[in-house]
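# Reading the structure
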Amino acid sequence: MAEARLNQRRVLVTGGAGFIGSNFVRSWYRQQGGLLLVLDALTYAGNLENLKGLEESVIYRFVRGDICDRTLVSRLLQEYAIDTIVHFAAESHVDRSISGPEAFVQTNVVGTFTLLEAFRTHWQDQGKPDHFRFLHVSTDEVYGSLGPDDSAFSETTPYAPNSPYSASKAGSDHLVRAYYHTYGLPTLITNCSNNYGPYHFPEKLIPLMCVNILLGKPLPIYGDGQNIRDWLYVEDHCTALSAVLRQASPGETYNIGGEAEVKNIDLVNLICELMNELAPDLPVRPAQQLITYVSDRPGHDHRYAMDISKIRADLGWRPSVTLAAGLRKTVIWYLQNRTWWMPLLSEEYQRYYQKIYG
Ligand code: NAD
Ligand code: DAU
């Protein structure tokens, strides 16, 4: 397909008002023409503030709705002549999947199935065009947990999900794979490690630590803090997804990661150091005094690490932002965007914040 036509893709972005989805919409918007239609249910994690500024654009549209609503999805595919789905919409927080797994099965499994069925019909109705794509954005957690000396997950590592969240993502990955093998639907799957950066909901480790340091609240470390995650700056994830959309062959799967493994306790110490340096009015200084060990997450995976040699070799992608540089940018973003995260806190926290900062 000619490059000009690729740049004119008509993309449905599910979950585009969430953390990674909104970063992707901004990044794709900067590089492409065509159409960007965001479909998002605006759950607690979806926020139109994340897309602020795009409303005036002629290539951007927003629809509030559920990916499980087949009638709505089919209508949107037809009405907007969609040729590409980039599928982010999901319940994404492991802790919430432990206390309430049902929503994870509904959105992550049933929602993905609904999109696949609607897209398959639409693709068939259009005569199965070659350039159609369904890019499913998934996670490294489907591979389970690594020991300290195990080599990193590759695309051929067997699936071994341990939480209701990762099991639901694994289920959706399998459905996407099956639609390629059974129907020839031009699907792609990416499995990515932990993202961080702007617009990250303050329930996940990095934004929670940033916000709690600014509030002078305890920094909860699960278990002994020795668990390891591989961190990727969100803009790098977005460039990887663009590379997959542009260059990858249908049916392919790519691992994406930051090659930046770090123990949780070391990461939290780094965030404390940055806050000590960059925030003049911390309620508790040094921020490390707030570190508090709490009960471990049930079934807590010990370590994730991604082998990204396939995407490097095939598509020439690699992460460009180091953990030190990305964390600094992120801490500065949370310092400069209190008006973004403050309304997301409980009323009790908001009152407490007003007392400290006025
Ligand atoms: P998020 O929780 O910030 O955003 C999810 C978005 O999906 C929200 O805007 C929400 O309103 C929307 N949504 C939820 N249920 C919906 C439904 N039924 N219909 C329509 N919209 C719905 O999530 P995120 O961290 O941005 O993750 C996005 C995707 O990337 C997820 O599929 C996740 O599994 C995957 N992923 C995340 C990470 C990470 O580190 N955050 C890493 C790898 C993969
Ligand atoms: O690996 C990719 C996954 O990364 C994504 O698929 C998920 O959507 C995303 O939420 C993230 O999952 P994690 O469970 O790894 O992220 P979280 O930020 O919740 O936790 C990161 C690590 O920090 C994990 O080992 C648990 C620990 N933790 C987390 C929180 C919220 C704490 O020690 N204290 C905390 O308060």
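These numbers come from a predicted model, not from an experiment. (Residues numbered from 1 in each chain as written. Chains lettered and ligands numbered in written order. Predicted model: local features only at pLDDT ≥ 70, side-chain atom pairs only at ≥ 80, totals over all residues. Heavy atoms only, no water.)

### A look at helix α11 (residues 323-336)
Stated formally: Helix and strand definitions here come from DSSP, where helices need a minimum of 4 consecutive H or I residues and strands a minimum of 2 consecutive E residues; each element is numbered from the N-terminal end. Each helix should span, by expectation, one fewer than its residue count multiplied by 1.5 Å. The rule is simple: take the accessible area with a 1.4 Å probe, protein chains only, and divide by the maximum for that residue type; under 20% is buried, over 50% is exposed, in between is partly exposed. Contact criterion: two residues are considered in contact whenever any of their non-hydrogen atoms come within 4.5 Å of each other.
With 14 residues, α11 extends 20 Å between its outermost C-alpha atoms, agreeing within 8% with the 20 Å of an ideal straight helix rising 1.5 Å per residue. Where α11 is concerned, the buried positions are Leu323, Gly326, Leu327, Thr330, Val331, Trp333, Tyr334 and Leu335. On its buried side, α11 packs onto β7 (194-196), α7 (205-215), β9 (228-233), β11 (261-263), α9 (264-278) and α12 (338-341).

### Comments concerning the pairing of strand β6 (residues 187-192)
Definition in use: Note: two strands are recorded as paired if DSSP finds a minimum of 2 bridges between them.
Burial analysis of β6 places six of its six residues in the buried class, the great majority of the element. Side chains of β6 alternate between two faces, with Thr187, Ile189 and Asn191 and Leu188, Thr190 and Cys192 buried alike. Of the strand pairs in this sheet, strand β5 (residues 133-139) and β6 are connected by six bridges, and their pairing is parallel. By the bridge assignment, His136 is partnered in β6 with Ile189. The pairing of β6 with strand β10 (residues 253-256) spans four bridges and is parallel. Along β10, the bridge assignment pairs Asn191 with Asn255.

### Topic: empty space enclosed by the protein
Rules: Think of a 1 Å grid over the protein atoms and nothing else: a 1.4 Å probe that fits but is trapped marks a cavity, an open set flanked by protein within 12 Å on at least five of seven lines marks a pocket, and residues with an atom within 4 Å of a point count as lining. Grid points are joined across faces, edges and corners, and a volume is the space filled by probe spheres set on the points. Each residue gets one of three labels, nonpolar for Ala, Val, Leu, Ile, Met, Phe, Trp, Tyr, Cys and Pro, charged for Asp, Glu, Lys and Arg, and polar for the others, Gly among them.
Taken as a whole and judged by the stated rule, the model has one cavity of 30 Å³ or more. Contributing to the lining of the largest cavity are Val94, Ile98, Glu141, Asn162, Ser163, Arg229, Arg297, Pro298, Gly299, His300, Asp301 and Tyr304. The residue inventory of the lining of the largest cavity, partitioned by class, reads four nonpolar, four polar and four charged.

### What to know about the packing of α7 against helix α13 (residues 347-357)
Rules: Axes, fitted as lines to C-alpha atoms, cover a helix only where it is in contact. Angles between the N-to-C directions of the axes lie from 0 to 180 degrees. Working rule for angles: under 35 degrees goes down as roughly parallel, over 145 as roughly antiparallel, 65 to 115 as roughly perpendicular, anything else as oblique.
Interaxial distance between α7 and α13 falls to 10 Å at its minimum, and their mutual angle equals 50°. By the angle between their directions, the pair α7 and α13 is classed as oblique. Facing Asn212, Leu214 and Leu215 of α7, the residues of α13 in contact are Tyr349, Tyr352, Tyr353, Ile356 and Tyr357. Counted by class, the contact of α7 with α13 contains seven nonpolar, one polar and no charged residues.

### Some details on the layout of surface pockets
In this structure, the second largest pocket spans a volume of roughly 250 Å³. Surrounding the second largest pocket, 15 residues form its lining, Tyr159, Asp173, Arg177, Ile189 and Thr253 being those nearest its centre. Of all the secondary structure elements, the ones that give two or more residues to the lining of the second largest pocket are α6 (164-183) and β6. The element that contributes the greatest number of residues to the lining of the second largest pocket is α6, accounting for five residues.

### Some points on the site of ligand 2
How we decide: A cutoff of 4 Å decides nearness: a residue is near a molecule or strand if any of its heavy atoms lies inside that distance of it. Under the rule applied, a polar contact is a pair of N or O atoms within 3.5 Å (in protein, one hydrogen donor and one hydrogen acceptor; residues adjacent in sequence only if both atoms are side-chain atoms).
Near ligand 2 there are 23 residues, and of these Thr139, Asp140, Tyr165, Arg297 and His300 occur at the shortest range. Glu141 places a side-chain nitrogen or oxygen 2.8 Å from an oxygen atom of ligand 2. Between Arg229 and ligand 2, the recorded distance is 2.9 Å, taken from a side-chain N or O atom to an oxygen atom. Per-element accounting of the shell around ligand 2 gives the leading share, three residues, to strand β8 (residues 219-222). Class assignment for the residues of the shell around ligand 2 results in nine nonpolar, eight polar and six charged.

### Details of the side chain of Lys217
Where we set the bar: Note that His is not counted, nor are the chain ends; the positive residues are Lys and Arg, and the negative ones are Asp and Glu. One side-chain nitrogen of Lys or Arg within 4 Å of one carboxyl oxygen of Asp or Glu is enough to make a salt bridge.
For Lys217, the position within the fold is in the loop between α7 and β8. For the buried Lys217, no salt bridge exists, and the shortest N-O distance to an oppositely charged side chain is 4.5 Å, to Glu348. Sequence-distant contacts of Lys217, defined by excluding residues within four places in its chain, comprise Asn212, Leu290, Glu348, Tyr349 and Tyr352.

### Topic: the side chain of Glu141
Relative to the helices and strands, Glu141 resides in the loop between β5 and α6. This buried residue, Glu141, is left without a salt bridge; Arg229 holds the nearest opposite charge, at 5.1 Å. Aside from chain neighbours lying at most four places away, what touches Glu141 is Val94, Pro161, Ser163, Tyr165, Ser166 and Tyr304.

### Section: unusual backbone geometry
Put simply, Arg285 and Pro286 share a cis peptide bond, and its omega is -5°. Summarising the element assignment, Pro286 is placed in the loop between α9 and β12 (291-294). The phi dihedral of Ala81 falls on the positive side, at around 45°, and the residue is not glycine. Here Ala81 lies in the loop between α3 (70-79) and β4 (84-87). Positive phi, close to 55°, is recorded for Lys128, a residue that is not glycine. Tracing the chain through its elements places Lys128 in the loop between α5 (102-125) and β5.

### Describing the packing of aromatic side chains
Under the convention used in this document: Only centres within 6.5 Å qualify two rings of Phe, Tyr or Trp (six-membered ring in Trp) as a pair; their planes then separate them into stacked at under 30 degrees, edge-to-face at over 60, and tilted for everything else. Whether a charge sits over a ring depends on NZ of Lys or CZ of Arg being within 6 Å of the ring centre and within 35 degrees of the ring normal.
Counted under the stated rule, the structure contains 17 aromatic pairs. Ring geometry for Phe119 versus Phe134: centroids 5.9 Å apart, planes at 55°, classification tilted. One end of the pair, Phe119, is in helix α5; the other, Phe134, is in strand β5, with 15 residues separating them in the sequence. Look at Phe134 and you get buried, because its relative accessible area is 0%. Relative to Tyr334, the ring of Trp333 has its centre 5.0 Å away and its plane inclined at 75°; by these criteria the two rings are edge-to-face. An aromatic cluster is present here, built from Tyr143, Phe153, Tyr159 and Tyr304 joined pairwise through their rings. The side chain of Arg120 reaches across the aromatic face of Tyr183, ending 4.0 Å from its centre. The ring of Tyr254 has Lys310 sitting right over it, with the charged end atom 4.7 Å from the ring centre.

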